[in-house]
Amino acid sequence: MRNFVRRVSLVTIVLWGVAALVLGGMILGSVLTLAEGRFSADQWRSVFINGIALGSVYALIALGYTLVYGILFMINFAHGEVFMAGAFTAYFAADALNDAGLIESNPIPSLLIIFMVAMVVSMVTAILLERIAYRRLRNAPRLVPLITAIGASLFLQYAFRGLYGSGVRSYPSVPLLDGSVTILGVPIRIVQLVVILSAVALMLGLWYLIDRTRTGRAMRAVSEDRETAALMGINVDATIVRTFAIGGALAGAAGVLYALLFSQVFFLMGFLPGIKAFTAAVLGGIGNIFGAMLGGLTLGVLEQVGPNLFLSGFGVPGANQLRDAIAFTVLVVVLIIRPSGILGRPER
């Protein structure tokens, strides 16, 4: 007991005290909100589904962060712009298909074309980032690739601004995705259902690739020890390129799903979702694939449910405008309690 007391510093006590106060406030706010009955069960279900759909997009972007970190132990802050590149470029494919009347007459092939354009563009962007910006920095101090990633992010933002303009573009609506369906008595918009199912399918595909294929085994080997993997005959450079390509393709798919949900794209659209996805990866445990998935879904639900659940009971005006504050506050609390994230492995 004495040894435990000696190891606990004043800073640790203060941090745990802050976490306890925040958790207590959340619990009290939740009790007050539910006791007042401000929102119906249908409203809570609707907000929760919104959170799952948004969290699915965050999870796909977060997988790119966690894949690159697992291989190179670096944070690719330009990944949000990889997401933007695919979504923004695919807008022009969607617009052309809409002008030709194909989105209405052949919606499924049209959506597949839009997804393929976004995924290929994001994949190529990610590969070029690795080849031009990051490859020579693998053995550099960690601060160097971090600064490079921030610079690459700014470069991509304004390169695409120069290519596509600074205006906001609106994705054409897909009549097939209009309306809603009822599942187990719960109404859900078709577009949300498509976003959730698409994200789940892509996550399962990634799990199979990582866990059951030769490429996945090579990625795991390089993640454990690059030098030993090279001695065993694994092409480390090719494996790292494949990792960036996979993360880029997932970001491109996430970009289209995001555009289907919110209908708008512009050259700065990748910044905030990118930060949120990085937050999701840290929340779940950076470097852990299932942690990224869980972190994304958790963050999406917290953003949508948290403001009303935690703050409405205290009579806070405009609670929904504080959704970002709620999300990052929960992140801080989780990292105080478990610094490695929900599913991360503690460093020894």
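So, a few notes on the structure that sits alongside this text. (Residues numbered from 1 in each chain as written. Predicted model: local features only at pLDDT ≥ 70, side-chain atom pairs only at ≥ 80, totals over all residues. Heavy atoms only, no water.)

**Re the pattern of salt bridges**
Alright, step 1. Across all of its chains, the model carries eight salt bridges by this definition.
Alright, step 2. Of the charged contacts in the structure, one is a salt bridge between aspartate 42 and arginine 45, with a shortest N-O distance of 2.1 Å. Residue aspartate 42 and its partner arginine 45 are located together in helix α3 (residues 41–72), separated by three residues, close to a single helical turn.
Alright, step 3. One salt bridge in this structure joins glutamate 130 and arginine 135, with 3.1 Å as the shortest N-O distance. (Salt bridge = Lys/Arg side-chain N within 4 Å of Asp/Glu carboxyl O. Helix = DSSP H or I, 4+ residues; strand = E, 2+ residues; numbered from the N terminus.)

**Topic: the side chain of threonine 213**
Alright, step 1. Position of threonine 213 relative to the elements: it lies in the loop between α8 (190–212) and α9 (214–224).
Alright, step 2. There is a polar contact of 3.1 Å between the side chain of threonine 213 and the backbone nitrogen of glycine 216. (Polar contact = N/O pair within 3.5 Å; in protein donor to acceptor, adjacent residues only side chain to side chain.)

**Here we look at α9**
Alright, step 1. Those residues of α9 not exposed but buried are Gly216, Ala218, Met219 and Val222. Viewed end-on, α9 has its buried residues packed into an arc of 160 degrees, placing them on one side of the element. Looking at α9, the residues exposed on the side facing more than 90 degrees away from the buried face are Arg214 and Glu224. (Buried < 20%, exposed > 50% of the residue type's maximum accessible area, 1.4 Å probe, protein only. Arc of directions from axis to C-beta.)

**Examining the environment of threonine 182**
Alright, step 1. Position of threonine 182 relative to the elements: it lies in strand β2 (residues 180–183).
Alright, step 2. Residue classification places threonine 182 among the exposed positions, given a relative accessible area of 57%.
Alright, step 3. Put simply, threonine 182 and glycine 70 are 112 residues apart on the chain and 40 Å apart in space, counted from C-alpha to C-alpha.

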